[in-house]
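Now for the letters of each chain:
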Amino acid sequence: MVSFERIDPNNQKRKISLLKRIGGGGAADIFKIKEFPDEVAKIYRNQHELASYEQKVNIMLKNKPDLPDFIDPKSKKNYPLAAWPKALIKKGSFKGFSMPKISLTESTTMQRILQSSMRRKTGLNETLLYRLAVARNLCALVSKLNQKHYYLIDLKPLNLQVYKTNGNIVLLDCDGISIMEKSSGFSGSQVTTEYTPAENFGKKAEDFDENRCQKQERFALAVIIFQLLNNGLHPFTFKANDTKYAQGGIVENIKSKRYAYDGKQHIWGVPNPQSILLSFTDEMISMFNAAFTTSSRPSADQWFSELDKFVSSKNKNHFRCKNNENHFDFGKGCGECNKSLNAPVLLRSIGAPNSSNQDILLSSIIKKRTPSFILTLVALVVGSLLILGSNP
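The sections below set out a description of the structure shown in this document. (Residues numbered from 1 in each chain as written. Predicted model: local features only at pLDDT ≥ 70, side-chain atom pairs only at ≥ 80, totals over all residues. Heavy atoms only, no water.)

A closer look at the overall build of the protein
Assigned secondary structure in the protein consists of eleven helices and 16 strands. Across the 392 residues in the protein, those meeting the buried criterion constitute 45%. Across the protein, the fraction of contacts at a sequence separation of at least 24, relative to all contacts at a separation of at least 6, is 60%. Accessible surface for the protein amounts to roughly 20,900 Å². Of this, 52% is attributable to carbon and sulfur atoms. (Helix = DSSP H or I, 4+ residues; strand = E, 2+ residues; numbered from the N terminus. Buried < 20%, exposed > 50% of the residue type's maximum accessible area, 1.4 Å probe, protein only. Contact = heavy atoms within 4.5 Å. Areas by Shrake-Rupley, 256 points an atom, 1.4 Å probe, with all protein chains shown as cover.)

So, the packing of helix H4 (residues 128-146) against helix H5 (residues 210-229)
Any two packed helices are characterised by the angle at which their axes cross and by the distance between the axes. Relative orientation of the contacting elements H4 and H5 amounts to 165°, with a least axis distance of 9 Å. Comparing the axis directions of H4 and H5 gives the class roughly antiparallel. Of the two possible hands of crossing, H4 and H5 adopt the one that is right-handed. Packed against H4, whose contacting residues are Leu128, Arg131, Leu132, Val134, Ala135, Leu138, Cys139, Val142 and Asn146, the element H5 presents Glu217, Leu221, Ile224, Ile225, Leu228 and Leu229 at the interface. (Axes fitted to C-alpha atoms, helices over the stretch in contact; angles between N-to-C directions. Parallel < 35°, antiparallel > 145°, perpendicular 65-115°, else oblique. Left-handed = near helix turned anticlockwise from the far one by under 90°.)

Re the sheet that holds strand S2 (residues 13-24)
Here six strands make up a closed barrel; going around it, the order is S1-S2-S3-S4-S8-S7 and the pairing antiparallel. Each strand axis lies, on average, 45° off the axis of its neighbour in the sheet, ignoring direction. Across five bridges, strand S7 (residues 87-91) lies against strand S8 (residues 93-100) in antiparallel orientation. By the bridge assignment, lysine 90 is partnered in S8 with phenylalanine 94. Here helix H1 (residues 50-62) sits on the sheet and contacts strand S4 (39-44), S7 and S8; the angle it forms with S8, its principal contact strand, is near 40°. (Pairing = 2+ DSSP bridges.)

Considering the side chain of threonine 192
Considering the arrangement of structural elements, one finds threonine 192 in the loop between strand S14 (185-186) and H5. On the basis of relative accessible area, threonine 192 is assigned to the buried category, the value being 14%. The contacts of threonine 192, once residues within four sequence positions are left out, are Asp154, Lys156 and Gln216.

Structure follows, in structure tokens:
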């Protein structure tokens, strides 16, 4: 065991011993702490960046956001919402910090919640109401951070943990956030292109000012909400009208501002037929349009207000689908159940059928008809052949 010194914000010092390594990443290792079983230690590897890390962690200790632990009303168990620094860890000089121990067995990455196949495979909650609560809780977390001028510029599902039972968000990589205080600023070092707005492409994350941090975070937040409510679909994926629009992928679509779900006709494509966006409230659709077609994007507070209408409703059964308890009716009918009803609209938008898509149209008609219709169709074809055969 290696001995270190733990120094809390009140300058109270305590000798501690680090036990076995339980995790880590490119910048640091995570260890258990013998004297503090509810905490873990994050020890940095790169000695050349320790001064910068120390300054940033000190700011976070002195300016902690209002993120109290979630207390389960039944079990009374505490669930930390962020691995926020609790104390400095030194061995002569700064080496890292201690933070709350997060139960990875009671939480899962948000990535696993997005798609129905993964939810079924891992036994996670499959209701859309649960994902609404997850989205609402994410907005609450982001709002609390923004109040202290903290920004999650690398916001994405893989960076977020979700408690399986209550849907609360757990922020793990807290020291990777951007701090935009007036006295001192620390921008994050990286962003993810699939969650980056067009105006931030070509800009270095280290050079982001508060305005760019806000634009980055709000865009990423809207993408995640879209994915949570739309079964994992990214808002910049669509059904391409031409192969040349299907080759660039999500990043090229973001750069070219190809958002297909704004209710307008586009030469490059139409909405993915698996999308249930049209079943969302008009306000939600309008907010998505603003997030993906303008730079005046909704804030976390605005998203929270809209989503909370359903999560906090006393009459949640009013919004449940009558056919499937996992589905949800925002007031326009169940989006999942109405997917099949949207197919004819998409087919009509293709235009006049040619020799290649006549087979597709015929196939789709036959699939939706009863066996009697098929027999009638076969009889007509056979009859036609007999008539042709009887003619000299």
